[in-house]
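Each chain is listed here by its residues.
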Amino acid sequence: MPALGDTTRLVELICARLCHDLGGLIGTVGNALDMVAEDIGGENEVVAFAASAAKALTQRLRLMRTAWGADTDALALPALIGLVSPPLAVRRIGLDVRAMPPDCVFPPAIGRVVLNLIVLAGDCLPKGGTIVLLGEPADLLIRIDGPGAAWPPGFAGCMHDEAAALAALTSARTVQMPLTVLFALSRGLKLSPVLGPGGGVEAVRLVDE
């Protein structure tokens, strides 16, 4: 079995390649739509809709490249908000960071895991809701609130278990949970569940030990 670092490195390289290739194509489509809009003059509903979709795809690719690609620069809170807010807003999901220091900066590895946790949290809010961040970069709590909000089954059991996380890589629809765990484990970061009154996962804690 390949080492965990090798596994996550492969994910990073594939993501970087896909985002590079698709980003160029989407950028070309967006520019072409802008030219069409200038040529026809005035508002055109179809062109405007297509341009909006191209912009949304560009924003999602930026998020994917930062969340799944190789560690890059430190990530300030406003930059993190700028990456996640547009894709979340489309799904009627808000990000509440009022309890975070406004000038906080996430080191590269932590920032990427936080982005992955936010993407996962968004998947856990099928009818919209709010993702709440509490604490500071080195000791962060992520909570979800909304109709039907629930962290994935088996998430708590994977958080400290590389083999369990690898075994959970069974479907493209559920890949975000084990991938988030593997990114955290490969960087020496600790994820732990905060259990609610009923014994289910109420929030997730991320600690840089």
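Up top you'll find the structure we're talking about.
The rules behind these values
Residues numbered from 1 in each chain as written. Predicted model: local features only at pLDDT ≥ 70, side-chain atom pairs only at ≥ 80, totals over all residues. Heavy atoms only, no water. Pairing = 2+ DSSP bridges. Helix = DSSP H or I, 4+ residues; strand = E, 2+ residues; numbered from the N terminus. Axes fitted to C-alpha atoms, helices over the stretch in contact; angles between N-to-C directions. Contact = heavy atoms within 4.5 Å. Buried < 20%, exposed > 50% of the residue type's maximum accessible area, 1.4 Å probe, protein only. Polar contact = N/O pair within 3.5 Å; in protein donor to acceptor, adjacent residues only side chain to side chain. 1 Å grid on protein atoms, 1.4 Å probe; cavity = no way out; pocket = protein on both sides within 12 Å on 5 of 7 lines; lining within 4 Å. Points joined across faces, edges and corners; volume = space filled by probe spheres on them. Nonpolar A, V, L, I, M, F, W, Y, C, P; charged D, E, K, R; others polar. Core = buried A, V, L, I, M, F, W, Y, C linked by side-chain atoms within 4.5 Å. Phe/Tyr/Trp six-rings, centres within 6.5 Å; stacked < 30°, edge-to-face > 60°. Lys NZ or Arg CZ within 6 Å of the ring centre and 35° of its normal. Salt bridge = Lys/Arg side-chain N within 4 Å of Asp/Glu carboxyl O. Parallel < 35°, antiparallel > 145°, perpendicular 65-115°, else oblique. Left-handed = near helix turned anticlockwise from the far one by under 90°. Expected span 1.5 Å × (residues − 1).

Student: Account for the sheet that holds strand E2 (residues 93-99), naming residues and giving values.
Tutor: The strand order E2-E4-E5-E7-E6 describes an open sheet built from 5 strands, whose pairing is mixed. In this open sheet, the two edge strands, each paired with only one partner strand, are E2 and strand E6 (189-195). The average undirected angle you get between the axes of adjacent strands in this sheet is 20°. One ladder, built from 7 bridges, connects E6 with strand E7 (residues 201-208); its direction is antiparallel. In the sheet register, Val194 faces E7, and the bridge partner there is Ala203. The strands touched by helix H4 (residues 108-123) within the sheet are E2, strand E4 (129-136), strand E5 (139-145), E6 and E7, with E7 carrying the most contacts at an inclination of about 170°.

Student: Outline the environment of Arg112, listing residues and values.
Tutor: Secondary-structure assignment places Arg112 in helix H4. On the accessibility criterion, Arg112 (3% relative accessible area) is buried. Residues Arg112 and Ala184 lie 72 residues apart in sequence; the distance between their C-alpha atoms is 8.8 Å. Only 2.3 Å separates the side chain of Arg112 from the backbone oxygen of Gly69, close enough to count as a polar contact.

Student: Explain the layout of surface pockets residue by residue, including any values.
Tutor: Volume-wise, the largest pocket comes out at about 240 Å³. For the largest pocket, the full set of lining residues is Thr7, Leu10, Val11, Ile14, Cys15, Leu18, Cys19, Met64, Trp68, Val175 and Leu179. When contributions to the lining of the largest pocket are tallied by element, the ones reaching two or more residues are helix H1 (4-40) and helix H2 (45-68). With 7 residues, H1 is the largest single contributor of residues to the lining of the largest pocket. Residue composition of the lining of the largest pocket, grouped by class: 10 nonpolar, 1 polar and no charged.

Student: Describe the nonpolar core, listing the residues and the values that go with them.
Tutor: One finds Leu80, Phe106, Ile131, Leu133, Trp151 and Phe155 to be the most contacted residues of the largest nonpolar core, which totals 46 residues. The dominant element in this core, judged by the number of residues it contributes, is H4, at 9 residues. Contact partners of Phe155, with chain neighbours within four places excluded, come to Leu117, Leu120, Met177, Val181 and Val204.

Student: Describe the packing of aromatic side chains, naming the residues involved and giving the relevant values.
Tutor: A full pass over the atoms with the stated rule returns 1 aromatic pair. One cation-aromatic arrangement involves Arg112 over Phe183; the distance from NZ or CZ to the ring centre is 3.9 Å.

Student: So what's going on with the pattern of salt bridges? Residues and values would help.
Tutor: According to the stated counting rule, one finds 7 salt bridges in the structure shown. Between Arg187 and Glu12 there is a salt bridge whose closest N-O contact spans 2.9 Å. In this pair, Arg187 sits in the loop between helix H7 (176-186) and E6 while Glu12 sits in helix H1, placing the two residues 175 residues apart along the sequence.

Student: Describe the packing of H2 against H4, naming the residues involved and giving the relevant values.
Tutor: One way to put it is that H2 packs onto H4 with a least axis distance of 8 Å and a crossing angle of 125°. When the axis of H2 is compared with that of H4, the two are oblique. For H2 against H4, the interelement crossing comes out left-handed. On H4, the residues touching Leu63, Thr66, Ala67 and Trp68 of H2 are Arg112, Leu115, Asn116 and Val119.

Student: For the side chain of Glu12, give the residues involved together with the corresponding values.
Tutor: By relative accessible area, which is 4% here, Glu12 ends up buried. Here Arg112 takes part through its side chain, which lies 3.0 Å from a polar atom of the side chain of Glu12.

Student: So, the environment of Ala37: which residues are in play, and what are the values?
Tutor: Following the sequence through the fold, Ala37 ends up in helix H1. Residues Ala37 and Asn116, spaced 79 residues apart in sequence, show a C-alpha to C-alpha distance of 36 Å.

Student: Residues and numbers for H2, please.
Tutor: For H2, built from 24 residues, the straight-helix expectation of 34 Å at 1.5 Å per residue is met to within 8% by its first-to-last C-alpha distance of 34 Å. When we look at burial in H2, the residues that qualify are Val47, Ala54, Leu61, Leu63 and Ala67. The opening residue of H2, the one whose side-chain oxygen lies 3.1 Å from the backbone nitrogen of Val46, is Asn44.

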